[in-house]
Amino acid sequence: MSLKTIATSPLSGIALLVLLTALLFTFSTKFYTPQRLFSAEELALFNGTDERLPIFLGILGSVFDVTKGQSHYGAGGGYNHFAGRDASRAFVSGNFTGDGLTDSLRGLSSTEVKSVVEWRDFYFKTYKYVGKLVGRYYDGQGNPTKYMKGVEAKAARGAQLLEKQKIEEAKLPSCNSRWSQDEGGEVWCDVGYPRLVQRPLEIAMTGKMSKRCACFEDSQLNQPGLEVYEGCDYHANRCKV
């Protein structure tokens, strides 16, 4: 095919662009620095559909080469929806379609944001870091944006709340528990009596109130907020759930 034909054929022009991108990437790999900046359009080229290109994904604006996990991140892989984009939210939401594949963490709790940060740390430890995605988390010079600083602060708050909850719950021993398909669930206390108790810090961490089973001695049973399991005797140390 002549150069004139390539230049005037739309399909050939696209193929030529992809080929040149692959050649440029191969040539420049040895000169990569951690400060390479990607636009969303550039990152989309590395989505695993072109075998001549590596596979990249972004999380919180950091871009990683996940080619060594091609069976997972390549075309047809279970995690291919992460390739060629920053889908930070999906790491905790589990929504891998449509609006779920976004880098926005708006509305997530502090502990959920903390989990996304931990996922990013996992990629730093496991895969090669190749640069930054310009947009929500990094500006055109590769500097963190206010949004990034807000995410880091919220994740730190989540870590503090989890530690505080851990300390508070250590003051009250948790119930023993087991479950089987034939017999269902059961909770019991080696010392004391099982009660359901609210976890007040859970609202700040997840936006929802939850309860846990803790063991209380007889002298503690008059405390407010303690809930006897339905169908369980007041002084029973084992309860079906």
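Structure's up top.
Analysis parameters
Residues numbered from 1 in each chain as written. Predicted model: local features only at pLDDT ≥ 70, side-chain atom pairs only at ≥ 80, totals over all residues. Heavy atoms only, no water. Helix = DSSP H or I, 4+ residues; strand = E, 2+ residues; numbered from the N terminus. Buried < 20%, exposed > 50% of the residue type's maximum accessible area, 1.4 Å probe, protein only. Contact = heavy atoms within 4.5 Å. Areas by Shrake-Rupley, 256 points an atom, 1.4 Å probe, with all protein chains shown as cover. Pairing = 2+ DSSP bridges. Axes fitted to C-alpha atoms, helices over the stretch in contact; angles between N-to-C directions. Salt bridge = Lys/Arg side-chain N within 4 Å of Asp/Glu carboxyl O. Parallel < 35°, antiparallel > 145°, perpendicular 65-115°, else oblique. Nonpolar A, V, L, I, M, F, W, Y, C, P; charged D, E, K, R; others polar. Disulfide = S-S within 2.5 Å. Core = buried A, V, L, I, M, F, W, Y, C linked by side-chain atoms within 4.5 Å.

(A) Summary view of the overall build of the chain. Of the regular secondary structure elements, the chain holds eight helices and nine strands. For the chain, the residues scored as buried account for 39% of the 241 residues in total. At a minimum sequence separation of 6, the contacts of the chain that also span at least 24 residues come to 60%. On the chain, roughly 14,400 Å² of surface is accessible, and the fraction owed to carbon and sulfur atoms is 55%.

(B) Region of interest: the sheet that holds strand β5 (residues 176–180). Reading across the sheet, the three strands line up as β5-β6-β9 and stay open at both edges, with antiparallel pairing between neighbours. At either end of the open sheet lies a strand with only one pairing partner, and these are β5 and β9 (238–240). On average, each strand axis in the sheet is inclined to that of its neighbour by 20°, with strand direction left out of account. Note: strand β6 (residues 184–188) against β9, three bridges, orientation antiparallel. Looking at the pairing, Val 187 lines up with Cys 239 of β9.

(C) Quick peek at the pattern of salt bridges. Inspection of the entire model under this criterion finds eight salt bridges. The shortest N-O distance in the salt bridge between Lys 114 and Glu 118 comes to 2.3 Å. One end of the pair, Lys 114, and the other, Glu 118, are both in helix α6 (residues 110–126), four residues apart, so they sit about a helical turn from each other. For Glu 118, a relative accessible area of 39% corresponds to the partly exposed category. For Arg 120, the salt bridge goes to Asp 121, with nearest N and O atoms at 3.7 Å. Judged by relative accessible area, which is 9%, Arg 120 ranks as buried. Overall, Asp 121 belongs to the partly exposed group, its relative accessible area being 31%.

(D) Quick peek at the packing of α6 against helix α7 (residues 146–170). Orientation of α6 relative to α7, taken along the N-to-C sense of each, is 110°, at an axis distance of 7 Å. Classified by the angle between their axes, α6 and α7 sit roughly perpendicular to one another. Side by side, α6 and α7 meet where Ser 110, Thr 111, Val 113, Lys 114, Val 117 and Arg 120 of the first sit next to Met 148, Val 151, Glu 152, Lys 154, Ala 155, Arg 157, Gly 158, Ala 159, Leu 161 and Leu 162 of the second. Of the residues contributing to the contact of α6 with α7, the split by class is eight nonpolar, three polar and five charged.

(E) Spatial organisation of the state of the cysteines. Counted according to the given criterion, the structure contains three disulfides. Disulfide pairing places Cys 175 opposite Cys 213 at an S-S distance of 1.9 Å. On the sign convention where negative means left-handed, the S-S torsion of about -75° between Cys 175 and Cys 213 marks this disulfide as left-handed. Residue Cys 175 is found in the loop between α7 and β5, and its partner Cys 213 is found in strand β8 (residues 211–216); the two are separated by 38 residues along the sequence.

(F) Structural detail: the nonpolar core. Core analysis: the largest hydrophobic core is formed by 25 residues, its most contacted members being Leu 57, Ile 59, Leu 60, Val 66, Leu 105 and Tyr 123. Looking at this core, the elements that each hand over two or more residues are β2 (56–59), α5 (90–93), α6 and α7. No other element matches the four residues that α6 contributes to this core. Here Leu 57 is in contact with Ser 62, Val 63, Phe 64, Val 66, Tyr 73, Phe 82, Ala 83, Gly 84, Arg 85 and Tyr 123, once residues within four sequence places are set aside.

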